[in-house]
Amino acid sequence: MQKHGYPIRQFLAFYKAADTKFRVHSPFVFELVNAVLEDQRWYYAFRDVEAIRRKMQQSNLVIDVADYGAAPPGGDAAHRRAPIRQIVQRAASSSRQGQWLFRLAQWLKPQHVLELGTSLGVGTMYLAAAVRSATIISMEGSPDCAHIAKANLEILGLHKNVQVQTGPFQENLPAGLKSLKTVDFVFFDGHHRADATLQYFEQCLPHVHAQTVLVFDDIYWSTEMTAAWKAIQQHPQVTLTVDLFDLSLAFFNPDFKNKQHFKLLPSRCKPWHF
Ligand SMILES: C[S@@+](CC[C@H](N)C(=O)[O-])C[C@H]1O[C@@H](n2cnc3c(N)ncnc32)[C@H](O)[C@@H]1O
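Residues numbered from 1 in each chain as written. Predicted model: local features only at pLDDT ≥ 70, side-chain atom pairs only at ≥ 80, totals over all residues.

**As for the overall build of the protein**
Scanning the protein for helices and strands turns up 10 helices and 10 strands. The C-alpha atoms of the protein give 18 Å as radius of gyration, which agrees with the globular expectation for 274 residues (19 Å, within 12%). With the C-alpha coordinates aligned to their principal axes, the bounding extent of the protein is approximately 50 × 40 × 40 Å. For the protein, the residues scored as buried account for 41% of the 274 residues in total. In the protein, of all internal contacts separated by at least 6 residues, the share reaching a separation of at least 24 is 69%. (Helix = DSSP H or I, 4+ residues; strand = E, 2+ residues; numbered from the N terminus. Rg over C-alpha atoms; globule rule 2.2 N^0.38 Å. Buried ≥ 20, exposed ≤ 12 C-beta atoms within 10 Å, placed from the backbone. Contact = placed C-beta atoms within 7 Å.)

**Notes on helix H9 (residues 194-204)**
Buried within H9 are the following residues: Thr 197, Tyr 200 and Phe 201. Mapping the buried residues of H9 onto a view down its axis gives an arc of 105 degrees, with all of them on the same face. Relative to its buried face, H9 has exposed residues pointing more than 90 degrees away, namely Asp 195 and Glu 202. Elements that come into contact with the buried residues of H9 comprise strand E3 (112-116), helix H8 (169-180), strand E6 (185-188), strand E7 (213-217) and helix H10 (223-234). (Arc of directions from axis to C-beta.)

**Here we look at the pairing of strand E9 (residues 247-251)**
Most of E9 is tucked away: five of the five residues are buried. Burial of the side chains of E9 extends over both faces: Leu 247, Leu 249 and Phe 251 are buried on one face and Ser 248 and Ala 250 on the other. Sheet topology note: the E7/E9 ladder contains five bridges and is antiparallel. The residue bridging Val 213 from the neighbouring strand is Phe 251, located in E9. With four bridges connecting them, strand E8 (residues 240-243) and E9 associate as antiparallel partners. (Pairing = 2+ DSSP bridges.)

**Quick word on the site of the ligand**
The immediate surroundings of the ligand are formed by 21 residues, with Ser 93, Gly 117, Gly 123, Gly 141 and Gly 190 found nearest. Counted by class, the shell around the ligand contains eight nonpolar, 10 polar and three charged residues. (Near = placed C-beta within 6 Å. Nonpolar A, V, L, I, M, F, W, Y, C, P; charged D, E, K, R; others polar.)

**Description of the nonpolar core**
Membership of the largest hydrophobic core comes to 76 residues, with the highest contact counts inside it found for Ala 105, Leu 120, Tyr 126, Leu 127, Ala 129, Phe 185 and Val 215. Of the residues forming this core, the biggest block, seven residues, is contributed by helix H6 (residues 122-130). Excluding anything up to four places from it in sequence, Tyr 126 contacts Val 49, Gly 98, Gln 99, Leu 101 and Phe 102. (Core = buried A, V, L, I, M, F, W, Y, C linked by C-beta atoms within 7 Å.)

**Quick word on the sheet that holds strand E5 (residues 162-166)**
Strand order in the open sheet formed by eight strands is E5-E4-E3-E6-E7-E9-E8-E10, with mixed pairing between adjacent strands. The sheet is open, and its two borders are formed by E5 and strand E10 (260-263), each paired with just one other strand. Taken pair by pair, the neighbouring strands of this sheet meet at an average axis angle of 15 degrees, ignoring direction. In the sheet, E6 pairs with E7 via four bridges, with the strands oriented parallel. By the bridge assignment for E7, Phe 188 is matched with Phe 216. (Axes fitted to C-alpha atoms, helices over the stretch in contact; angles between N-to-C directions.)

**Topic: the packing of helix H3 (residues 44-57) against H6**
Remark: H3 packs on H6, axes separated minimally by 10 Å, with the N-to-C direction vectors making an angle of 165 degrees. If you check the angle between H3 and H6, you find them roughly antiparallel. Read as a crossing pair, H3 and H6 show a hand that is right-handed. Along its contact with H3, which presents Ala 45, Val 49 and Arg 53, the element H6 presents Val 122, Met 125, Tyr 126 and Ala 129. Partitioning the contact of H3 with H6 into residue classes produces six nonpolar, no polar and one charged. (Parallel < 35°, antiparallel > 145°, perpendicular 65-115°, else oblique. Left-handed = near helix turned anticlockwise from the far one by under 90°.)

Shown next, in the form of C-alpha cells:
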C-alpha cells in the first residue's frame, strides 16, 4: 500500500545516503555512472521521442484503459476511460528516465530486451532507438495503449524490431520469455505490487546470464515495492545492485565476487564530493 508522502521521504533518505562517481571504487560501476548519469550528449532520438510525448500531451483523445494491476491472477481487468494526455502525465517514463534507459541500453548493447508495461511506448521508443539491432518484446494489458504505442514506434521507424504484445503479463510472460530464450535487459515497469514483481522476477531468472541487467521502476512507490526490491537485492543470483532512485538495476555477473549495493547520483547533485 502506498503511504502519503512515502516517495518524498524515501528520496530525502536516498539523497543523504547516495554517493557520486568520485566515491565509487568498482571499475564497472564507475563506467556505468559515466555512461548513464554523467554523459550529457544529446541524441536526435531524444528530440523525436519528446516531440511524440508533446503531441500526446496536447491530444484530446480519450481511450479505454484496462487495468490488470488490481485484478486477481486470471481475473478480468478493471476498465476506465482516460485522456491520453493524463496517461502520459501519470504513467509514461519521464524524459530523464527515458534518457537513462537509452544511455544504459546504448552502453550495454542488449540484443534481447523485454519490457513489462508498454503504456504509450515512451520507454519502448527510447530502448528501441538506443539499440536498433535488438529484438524487443514489450507487454501491455490495455489494447488501446498498445495500439497507440505501436503507432508511435511506426512514426519513428522503430517498429520492425519491436513486438508489442497485448494482454496480461500473467498470460504472456512465459511465452515471451520462451521466444527470447535469454534476456539481456528487462525493464519492469507495470503492476507495481510486491508479489507480482517478485513473481515476474523469479520467472525471468532461468533466462538471465552473466551480462543481464534487470531494471526496476518505482521501487520507492510504496513500502511493499521497497520490500520487493530488498528481496531482489538479497537473492543469491544477484551479485550487484545500483539504485539511481528513478531506476534500480540488478546484475548477475558472478565475477563480482563480493555482493555490493550502490545508491548513486550524478556528481552535479553533490558537487562537494569532487
Ligand atoms: C507505468 S506504465 C508503463 C510505462 C512505460 N514503460 C513507459 O516507459 O512509458 C505501466 C503499464 O503497465 C500495464 N500493466 C500493469 N499491470 C499489468 C499486467 N498485469 N498485465 C499487463 N499490463 C499491465 C498498465 O496497463 C500500464 O500501461
